[in-house]
Amino acid sequence: MPPEHSAWRASPRLNSAAVVTPQMQAFAATAALYLGLTRGDPALLLRSVATPFLQENQATLEATVTGGTYPQPANDFTTNLYFASPQAQQIFTLTGAIGATTSLAVSWYGPSSPTTSGTLYGLQVQSDDSGLPIAYPGYGATDTSVTNAVVTNASLAFNPVTSAVLTGSVTVPPGFSVVFIEGHSSSPRCCRWLPSSSWTPRSPRRFPTRCRPSLERLWE
Amino acid sequence: MTVLAVDEGALWVAARLGLAADASGVSLDCPGPPTPLSPSNNQTGVTSATQFSWSAYPEAVYALLLGGLTVYAASTTVTLPDLSSIDFQLSPSTPYTWQVAATSPYASVDDFAAPTTAATQAVTLLCQAQTLTQNFTTSATP
């Protein structure tokens, strides 16, 4: 079978029956049509394959963490940093021995946004030999703006992480197996949900869950 | 809270946002994926007039995934628009794959394309379910 896109070609066009998203102008093998779309302020989905054709901005974020466990030990510790803004969403997973200051390359697309304002989140995780979290030495967040080709300093104060227990159930359709369960909280802290029972469910099955802090709050 | 489940190539996602960390009785229970109806799997002789159809999913907007083309629609049937003017057309005697992803709750494509805010998602159970991959081959003159 040929590549899926081999039989399609595209160029930009718009008509009243179907809205064709802008990536057609940049990426000849991808198009999206919204049948019946009438609103004037749509949020159209842009496939990432189109991004190589767009202008990229790149900034350096020098993040300095206070609190937590730093210098970070070489084993069993991970620092997760996440920069989120309307234009940029980027995760940095830092393992091994690192100091309290880290240089992050933040990139985003679009010529109209040389500066993007967002929030830098951080969570340090201590894991056991199997890789499961056993402690969260610190969590913090700070608002910051980054500008294309500019180095910006950001201070991130890590504070102790609280935990809570969240209970509920998940019923999956027959034949399906759960890959993961993740949570996000409306509170400033965030949660990862792990089934406290087996990870190899029968279907349908209900999963009691336990809340642990993590970065999934950032999905909101 | 987000749950991802798979059944071979079929996907199922249920998400409920805005939960308190100590919430109780949280339930995530979304329907399984739509059933592809037409063209039948491995059908040959498909043309641009062939109607794609699938079973209904409650309060859903559908994404027909066909090669590099994604068609969002509120209907369970889609006939590909005439895209020849933009040089988008099925190639003759060519195998293709297609899937349908249903996302709910959305009342219309306009609703689906509305700018998302945390407030609009806060109390909603979001469901997404994608069918197994289906195959077809176009006719010599699609």
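Residues numbered from 1 in each chain as written. Chains lettered and ligands numbered in written order. Predicted model: local features only at pLDDT ≥ 70, side-chain atom pairs only at ≥ 80, totals over all residues.

We now examine the overall build of chain B. Within chain B, the secondary structure is distributed over two helices and twelve strands. Along the chain direction, N to C, the helices and strands of chain B fall in the order β-β-β-β-β-β-β-β-β-β-α-α-β-β. Expressed as a percentage of its 142 residues, the buried residues of chain B come to 37%. (Helix = DSSP H or I, 4+ residues; strand = E, 2+ residues; numbered from the N terminus. Buried ≥ 20, exposed ≤ 12 C-beta atoms within 10 Å, placed from the backbone.)

The next point concerns the overall build of chain A. Within chain A, the secondary structure is distributed over zero helices and 13 strands. In chain A, the order of α-helices and β-strands from amino to carboxyl end is β-β-β-β-β-β-β-β-β-β-β-β-β. Sequence-distant contacts, at least 24 apart, represent 58% of the contacts inside chain A between residues at least 6 apart. (Contact = placed C-beta atoms within 7 Å.)

All names here are of chain B. Spatially, the three strands line up as an open sheet ordered β4-β6-β9, and their pairing is antiparallel. Of all the strands in the sheet, just β4 (36-38) and β9 (77-79) have a single pairing partner and so form its edges. The mean inter-strand angle of the sheet, taken between neighbouring strand axes irrespective of direction, is 25°. Across two bridges, the pairing between β4 and strand β6 (residues 51-54) is antiparallel. Bridge assignment links proline 36 to a residue of β6, and that residue is tryptophan 54. (Pairing = 2+ DSSP bridges. Axes fitted to C-alpha atoms, helices over the stretch in contact; angles between N-to-C directions.)

To continue, consider the nonpolar core. Counting 50 residues, the largest nonpolar core has Tyr62, Leu64, Tyr72 and Val109 of chain B as its most contacted members. When residues are assigned to domains, this core turns out to be shared by domain 1 (4-53) and domain 3 (162-220) of chain A, each giving three or more. In this view, tyrosine 62 of chain B contacts Ala73, Thr76, Val100, Ala101 and Ala102 of chain B; residues no more than four positions away in its chain are not counted. Listed in part, the 22 residues of the second largest apolar core include Ala63, Trp108, Tyr136 and Val146 of chain A. (Core = buried A, V, L, I, M, F, W, Y, C linked by C-beta atoms within 7 Å. Domains from an automatic or database assignment.)

Next up on the list: unusual backbone geometry. For the peptide bond that leads from tyrosine 70 of chain A to proline 71 of chain A, omega is 0°, which places it in the cis range. By secondary structure assignment, the location of proline 71 of chain A is in the loop between β3 (56-66) and β4 (77-84). Cis peptide bonds are those with omega within 30 degrees of zero, and the linkage from serine 38 of chain B to proline 39 of chain B qualifies with -5°. Along the chain, proline 39 of chain B turns up in the loop between β4 and β5 (43-46). A positive phi angle, close to 55°, is found at glutamate 8 of chain B, a residue other than glycine. Tracing the backbone through its elements, the reader meets glutamate 8 of chain B in the loop between β1 (2-7) and β2 (10-16). Phi is positive for asparagine 42 of chain B, which is not a glycine, with a value near 70°. If you trace the backbone, asparagine 42 of chain B turns up in the loop between β4 and β5.

Residues and elements named next belong to chain B. When pLDDT is averaged along chain B, the result is 88, and 93% of the positions lie at 70 or above. When mean pLDDT is taken per element in chain B, β6 scores highest with 98 and helix α2 (residues 118-121) scores lowest with 50. The ipTM for the predicted assembly is 0.92, set against a pTM of 0.70. (pLDDT = per-residue confidence, 0-100.)

Here we come to the environment of leucine 11 of chain B. Residue and element names in this part refer to chain B. Within the fold, leucine 11 resides in strand β2. In sequence terms leucine 11 and threonine 131 are 120 residues apart; their C-alpha atoms lie 6.9 Å from each other. Those residues in contact with leucine 11 that sit more than four places away from it in its chain are Val6, Ala129 and Gln130.

Residues and elements named next belong to chain A. Bridge count between β4 and strand β7 (residues 115-127): eight bridges; the pairing is antiparallel. Bridge pairing in β7 links phenylalanine 83 to leucine 120. Alignment of β4 against strand β5 (residues 89-95), held across seven bridges, turns out to be antiparallel. Paired with leucine 81 across the strands is phenylalanine 92, a residue of β5. Connecting β4 to the antiparallel partner β5 that follows it, the hairpin turn spans four residues.

Residue and element names in this part refer to chain A. On the basis of which strands lie adjacent, the open sheet formed by three strands has the order β6-β3-β9 and mixed pairing. The outermost strands of the open sheet, each flanked by one partner alone, are β6 (101-109) and β9 (151-157). Pairs of neighbouring strands in the sheet enclose a mean axial angle of 30°, with direction left out of account. As judged from the seven bridges shared by β3 and β9, these two strands associate in the parallel manner. Bridge assignment links leucine 61 to a residue of β9, and that residue is threonine 152.

This next bit is on the environment of glycine 25 of chain B. Relative to the assigned elements, glycine 25 of chain B resides in the loop between β2 and β3 (26-29). Overall, glycine 25 of chain B belongs to the exposed group, with 8 C-beta atoms counted inside 10 Å. When residues no more than four places from it in sequence are discounted, the contact partners of glycine 25 of chain B are Thr167 and Gly168 of chain A.

All names here are of chain A. Scored by pLDDT, chain A has a mean of 70; 62% of the residues are at 70 or more. Across chain A, the secondary-structure element scoring lowest on mean pLDDT is strand β13 (residues 209-212), at 39, and the one scoring highest is β9, at 96. Low pLDDT, under 50, characterises residues 1-28; the stretch is placed with 63 contacts to residues that sit more than four places away or in other chains. Segment residues 185-220 is flagged for pLDDT under 50; beyond a separation of four residues in sequence, or across chains, it makes 112 contacts in the model.

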